[in-house]
Amino acid sequence: MTSLLSLAWTRLRGRARGSKTARCIGAGLIIGLLAPQASFAEAKLKLITLTADWCAKCHVLEPALSRALQTIPSGTVDYVEIDLTHMRDGPEARQGVSAASAARLAIHKAGWIWEAYGERTGFAFLIDARSGEPFACLTSAIPAETMASQLKLASRMAEDTESIPYSKSGPDCPALIG
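In every chain, residue numbers begin from 1 and rise along the written sequence. Local features are withheld for residues below a pLDDT of 70 in this predicted model, meaning they are given only at 70 or higher, and side-chain atom pairs are given and counted only at 80 or more; totals for whole chains, interfaces and linings count all residues. Side-chain calculation: all heavy atoms of the structure are included, whereas hydrogens and water are not.

What follows deals with the packing of aromatic side chains. Think of it this way: a Phe, Tyr or Trp ring, Trp meaning its six-membered ring, pairs with another when their centres are within 6.5 Å, and the plane angle makes it stacked under 30 degrees, edge-to-face over 60, tilted otherwise. One pass over the full model with this rule turns up 4 aromatic pairs. Aromatic side chains Tyr117 and Phe125 sit 5.2 Å apart centroid to centroid with 45° between the ring planes, which places their arrangement in the tilted category. When sorted by exposure, Tyr117 lands in the same class as Phe125, which is buried. Judged by centre distance (5.3 Å) and plane angle (90°), the ring pair of Phe123 and Phe125 falls under edge-to-face. As far as burial versus exposure is concerned, Phe123 and Phe125 are alike and both buried. In textbook terms, an aromatic cluster arises when at least three aromatic residues are bridged by ring pairs, as seen for Trp112, Tyr117, Phe123 and Phe125. The ring centre of Trp54 lies 3.7 Å from the NZ or CZ of Arg88, which sits over that ring. For every residue, the accessible area obtained with a 1.4 Å probe (protein chains only) is divided by the maximum for its type, and the residue is called buried under 20%, exposed over 50%, and partly exposed between those limits. Two limits define a charge over a ring: the Lys NZ or Arg CZ must be within 6 Å of the ring centre, and within 35 degrees of the ring normal.

As a further point, take the confidence of the model for the chain. Per-residue confidence from the predictor is reported as pLDDT, which spans 0 to 100. Averaged over all residues, the pLDDT of the chain equals 77, while 67% of them reach at least 70. Confidence scores differ between elements of the chain, with helix α1 (residues 2–15) showing the lowest mean pLDDT of 48 and helix α3 (residues 56–69) the highest of 95. Within the model, the stretch residues 34–41 combines pLDDT values under 50 with 11 contacts to residues more than four positions away or in other chains. In what follows, a contact means two residues having at least one pair of non-hydrogen atoms within 4.5 Å. Every residue in residues 167–171 scores below 50 in pLDDT, and together they form 6 contacts with partners more than four places removed in sequence or on other chains. Helix and strand assignments come from DSSP, with helices taken as H or I runs of at least 4 residues and strands as E runs of at least 2, each series counted from the N terminus.

Below, the discussion takes up the pairing of strand β1 (residues 45–51). In terms of residue burial, β1 counts as a mostly covered element, since 7 of its 7 residues are buried. The two faces of β1 match: Leu45, Leu47, Thr49 and Thr51 on one face and Lys46, Ile48 and Leu50 on the other face are all buried. Note on pairing: DSSP must find at least two bridges between two strands before they are called paired. In the sheet, β1 pairs with strand β2 (residues 77–83) via 7 bridges, with the strands oriented parallel. Each bridged residue has a counterpart across the sheet, and for Thr51 the counterpart in β2 is Asp83.

The sheet built from 4 strands is open, its strands ordered β2-β1-β3-β4 with mixed pairing. Each edge of the sheet is formed by a strand with only one pairing partner; in this case those strands are β2 and β4 (134–139). Adjacent strand axes in the sheet meet at a mean angle of 20°, parallel and antiparallel pairs treated alike. Note: β1 against strand β3 (residues 123–128), 6 bridges, orientation antiparallel. Residue pairing for β3: Leu50 is matched across the bridge by Phe123. In this description, a line fitted to the C-alpha atoms serves as the axis of each element, helices being fitted only across the stretch in contact, and the angle between N-to-C directions of two axes falls anywhere from 0 to 180 degrees.

Before going further, it helps to spend a moment on the pattern of salt bridges. Salt bridge criterion: a side-chain nitrogen from Lys or Arg within 4 Å of a carboxyl oxygen from Asp or Glu. This structure, assessed with the given rule, holds 3 salt bridges. Taking the shortest distance from any N to any O, the salt bridge between Lys44 and Glu159 comes out at 3.7 Å. Of this pair, Lys44 sits in the loop between α2 (20–34) and β1 while Glu159 sits in helix α6 (residues 144–159), placing them 115 residues apart in sequence. Take Lys44: its relative accessible area is 33%, and that puts it in the partly exposed class. In this structure Glu159 comes out as partly exposed when scored by relative accessible area, which is 48%. In this structure, Asp128 and Arg130 form a salt bridge, with 3.0 Å as the shortest nitrogen-oxygen distance. On the accessibility criterion, Asp128 (0% relative accessible area) is buried. Since its relative accessible area comes to 33%, Arg130 is described here as partly exposed.

What follows is the structure, encoded as structure tokens:
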């Protein structure tokens, strides 16, 4: 993890030395990578969202996810939010957010999300914490009740001793880029 942090920070510093954007993104990177360490080791299921303040679908998805999460026991899911709000703040910010997001997803064994979906927002992934394999993709088009059912099913699947393979391009996932 330290090498990912160092690499992202070095790239960011080299492109935006001393700028306010670099300092803000650098601080966010450090907090985002180091702070959640103790909590994400326990749950066997992760909910990873790609969100931004300017994303209209995110404003629909987030309340539905919140309602769905209330239906499962606390500690069942580690919630990981990848905030892409500053992607539109210019090239320096875009590069910094991109590097930080890719590094944070890699730590959560979900680097494939950045590789496949990049800067797209407005959806969430339920993934196996051990393998990073997805159980389900959630979008703003899915009602909270259906999300709750998918959370419960994914939670049961994550409790199994073997990780159950799931297609990253399944019918409930957004279309892959490229």
